[in-house]
Amino acid sequence: MMKKGLLLLVLLSGLSLPQCMSAEKKGGLVPAALTCCFGPRVGLEYNEGKPVEASEWLRFVFIGEVMNCLEAYQKNGCAGCILEGFIGPRVGREYDRRDVRTLEWIGLATAGLSNIIIVFEAFEGKTMTEVEQQEHLSK
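All values reported here derive from a predicted model rather than from experimental measurement.

1. Here we look at the overall build of the chain
Next up, step 1: Along its length, the chain carries eight helices and zero strands.
Next up, step 2: Overall, the chain shows an N-to-C arrangement of helices and strands of α-α-α-α-α-α-α-α.
Next up, step 3: Partitioning the intrachain contacts of the chain with sequence separation of at least 6 by distance along the chain shows that 52% fall at a separation of at least 24.
Next up, step 4: Carbon and sulfur atoms provide 67% of the accessible area of the chain, an area that totals close to 7,800 Å².

Have a look at this one:
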């Protein structure tokens, strides 16, 4: 299991290098894969040019999950920690400025089934800022 996680980590690192060099191109397999592996907002924010954070890469070995939850707790209290742990990275840490999407709540209730829609949004090149404006998520 650990070997598969490390292989996936190396593969995603290699795939993301060409995309990082071309800032104009959004969408594609890399943001879709990041959404699948890390959480509902990572691929959407990757389309904006925000990189995957070190603590998110460390989620493969569990310590990153703890680090993300602690950071969310420090920033947004218990609600941030719970959102970070159950819905995904960046959700709890961004809770002070962005609400939780309806698709993210549905994903929690359906064991991530609605995240398929978010994967396709990331693949198509949609950004979290666009989602925030369309769904009125800003606080």
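2. As for the nonpolar core
Next up, step 1: Membership of the largest hydrophobic core is limited to seven residues, which are Leu44, Leu103, Ile118, Ala122, Met128, Val131 and Leu137.
Next up, step 2: Broken down by secondary-structure element, the contributors of at least two residues to this core are helix H7 (115–124) and helix H8 (128–134).
Next up, step 3: Ignoring any residue separated from it by four or fewer positions in sequence, one finds Leu103 in contact with Ser114, Asn115, Ile117, Ile118 and Glu121.
Next up, step 4: Among the nonpolar cores identified, the runner-up in size contains six residues, and Val30, Phe38, Val42 and Tyr46 belong to it.

3. Structural notes on a nonpolar patch on the surface
Next up, step 1: A contiguous nonpolar surface patch, about 680 Å² in accessible area, is contributed by Leu58, Phe60, Val61, Phe62, Ile63, Val66, Met67 and Leu70.
Next up, step 2: Among the structural elements, Leu58 can be located in the loop between helix H4 (54–57) and helix H5 (63–86).
Next up, step 3: Given the relative accessible area of 33%, Leu58 is considered partly exposed.

4. A look at unusual backbone geometry
Next up, step 1: Notably, Arg90 is not glycine yet its phi reads approximately 80°, a positive angle.
Next up, step 2: Here Arg90 is to be found in the loop between H5 and helix H6 (102–109).
Next up, step 3: Here Ala111, not a glycine, exhibits a phi torsion of approximately 55°, which is positive.
Next up, step 4: Secondary-structure assignment places Ala111 in the loop between H6 and H7.

5. Brief notes about the packing of H6 against H7
Next up, step 1: Two elements in contact, H6 and H7, have axes whose closest approach is 8 Å; the angle formed by their N-to-C orientations is 135°. Looking at the two axes, H6 sits oblique to H7. Facing H6, whose interface residues are Leu103, Glu104 and Gly107, H7 presents Asn115, Ile117, Ile118 and Glu121.
Next up, step 2: Residues that form the contact of H6 with H7 fall into these classes: three nonpolar, two polar and two charged.

Rules of the game
Residues numbered from 1 in each chain as written. Predicted model: local features only at pLDDT ≥ 70, side-chain atom pairs only at ≥ 80, totals over all residues. Heavy atoms only, no water. Helix = DSSP H or I, 4+ residues; strand = E, 2+ residues; numbered from the N terminus. Contact = heavy atoms within 4.5 Å. Areas by Shrake-Rupley, 256 points an atom, 1.4 Å probe, with all protein chains shown as cover. Core = buried A, V, L, I, M, F, W, Y, C linked by side-chain atoms within 4.5 Å. Buried < 20%, exposed > 50% of the residue type's maximum accessible area, 1.4 Å probe, protein only. Patch = residues over 30% accessible without salt bridge, like charges linked within 9 Å, V, L, I, M, F, W, Y side chains within 5 Å. Salt bridge = Lys/Arg side-chain N within 4 Å of Asp/Glu carboxyl O. Axes fitted to C-alpha atoms, helices over the stretch in contact; angles between N-to-C directions. Parallel < 35°, antiparallel > 145°, perpendicular 65-115°, else oblique. Nonpolar A, V, L, I, M, F, W, Y, C, P; charged D, E, K, R; others polar.

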